[in-house]
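Here's the letter readout for the chains.
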Amino acid sequence: ASLCYLLASLVGAQTAQHYFPDKINSYKLKLEENKDELLFFLLFLRLFPMSPNWALNMASGVLGVPLHLFFTSVFFGLMPYNYMCVTSGAILSELNDISEIMSWTNFGRCMLAAVISLVPSLLMKYRSKQKSS
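Residues numbered from 1 in each chain as written. Predicted model: local features only at pLDDT ≥ 70, side-chain atom pairs only at ≥ 80, totals over all residues. Heavy atoms only, no water.

Got a sec to walk through the environment of Gly89? Specific residues and values, please.
Assignment of secondary structure puts Gly89 in helix H6 (residues 79-90). In this structure Gly89 comes out as partly exposed when scored by relative accessible area, which is 48%. (Helix = DSSP H or I, 4+ residues; strand = E, 2+ residues; numbered from the N terminus. Buried < 20%, exposed > 50% of the residue type's maximum accessible area, 1.4 Å probe, protein only.)

Run through the pattern of salt bridges, naming residues and quoting values.
Counting across every chain of the model gives one salt bridge. The partner of Lys35 in a salt bridge is Glu32, with the nearest N and O atoms 3.3 Å apart. (Salt bridge = Lys/Arg side-chain N within 4 Å of Asp/Glu carboxyl O.)

I'd love a proper account of a nonpolar patch on the surface, names of residues and values included.
Taken together, the side chains of Leu3, Leu6, Leu7, Leu10, Val11 and Leu67 define a hydrophobic patch exposed on the protein surface, amounting to about 600 Å² of accessible area. Residue contributions to the nonpolar patch peak at five residues, all from helix H1 (residues 2-19). In this structure, Val11 sits in helix H1. Classification of Val11 by relative accessible area gives exposed; the value is 53%. (Patch = residues over 30% accessible without salt bridge, like charges linked within 9 Å, V, L, I, M, F, W, Y side chains within 5 Å. Areas by Shrake-Rupley, 256 points an atom, 1.4 Å probe, with all protein chains shown as cover.)

Quick one: what's the story with the packing of helix H3 (residues 38-47) against helix H7 (residues 104-132), residue by residue and with numbers?
Between H3 and H7, whose axes approach to 8 Å, the crossing angle comes to 170 degrees. By the angle class used here, H3 and H7 are roughly antiparallel. Taking contact as the criterion, the partners of Phe40, Leu43, Phe44 and Leu47 in H3 are, on H7, Cys110, Ala113, Ala114, Val115, Ser117, Leu118, Pro120, Ser121 and Met124. Its residues assigned to classes, the contact of H3 with H7 comprises 11 nonpolar, two polar and no charged. (Axes fitted to C-alpha atoms, helices over the stretch in contact; angles between N-to-C directions. Parallel < 35°, antiparallel > 145°, perpendicular 65-115°, else oblique. Contact = heavy atoms within 4.5 Å. Nonpolar A, V, L, I, M, F, W, Y, C, P; charged D, E, K, R; others polar.)

Pulling in residues and values, what's your account of the environment of Ser60?
As for its placement among the helices and strands, Ser60 is situated in helix H4 (residues 53-63). When neighbours within four sequence positions are excluded, Ser60 is seen to be in contact with Tyr5, Leu42, Val65 and Phe70. A distance of 2.8 Å separates the side chain of Ser60 from the backbone oxygen of Leu56, its partner in a polar contact. (Polar contact = N/O pair within 3.5 Å; in protein donor to acceptor, adjacent residues only side chain to side chain.)

Run through the packing of aromatic side chains, naming residues and quoting values.
Under the counting rule described, the total for this entry stands at six aromatic pairs. Considering the side-chain rings of Phe75 and Phe76, the 4.9 Å spacing of their centres and the 90 degrees angle between planes classify their relative orientation as edge-to-face. (Phe/Tyr/Trp six-rings, centres within 6.5 Å; stacked < 30°, edge-to-face > 60°.)

Tell me about the side chain of Ser117, and name the residues and values.
Positionally, Ser117 belongs in helix H7. Within the local environment of Ser117, its side chain forms a polar contact with the backbone oxygen of Ala114, the two atoms lying 2.6 Å apart.

Kindly report on the packing of H1 against H4, identifying the contributing residues and their values.
Each pair of packed helices can be described by the angle between their axes along with the distance between the axes. At a minimum axis distance of 7 Å, the contact between H1 and H4 shows a crossing angle of 60 degrees. Regarding the angle of H1 to H4, the classification is oblique. Along this stretch, H1 crosses H4, giving a crossing that reads as right-handed. Along the contact surface, H1 presents Cys4, Tyr5, Ala8, Ser9, Gly12, Ala13 and Ala16, while H4 presents Trp54, Asn57, Met58, Ser60, Gly61 and Val62. A breakdown of the residues in the contact of H1 with H4 according to their chemical character gives eight nonpolar, five polar and no charged. (Left-handed = near helix turned anticlockwise from the far one by under 90°.)

Just geometry here; none of it tells us what the structure is for.
The following block contains the structure:
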């Protein structure tokens, strides 16, 4: 993941900026506006079961997400997925059907973890709105 991030930041950033300057600048502005909640948002994207990790790796490099935030989000955000893969591999010989792994229950657990990761970010936004009022 880190290699993809570094390649995207070294090679892809200039290319993307050349072909899509308005979009890149728009996304960079959004990142700057939400820099206080960026780690929680990155964790949410990593924990959400339908997010393509390869796209997150590349977009983070192109948009200039700080490497320490990127690394932290990858390290903690992929733990549930890695746990499920290791657990699934450990019981693979006992499986009779793929539905024993890919169940709505497991999907729901991943979704719950993703939603919980948004709570700190939402609380921070709520508190900042209260202070500004």
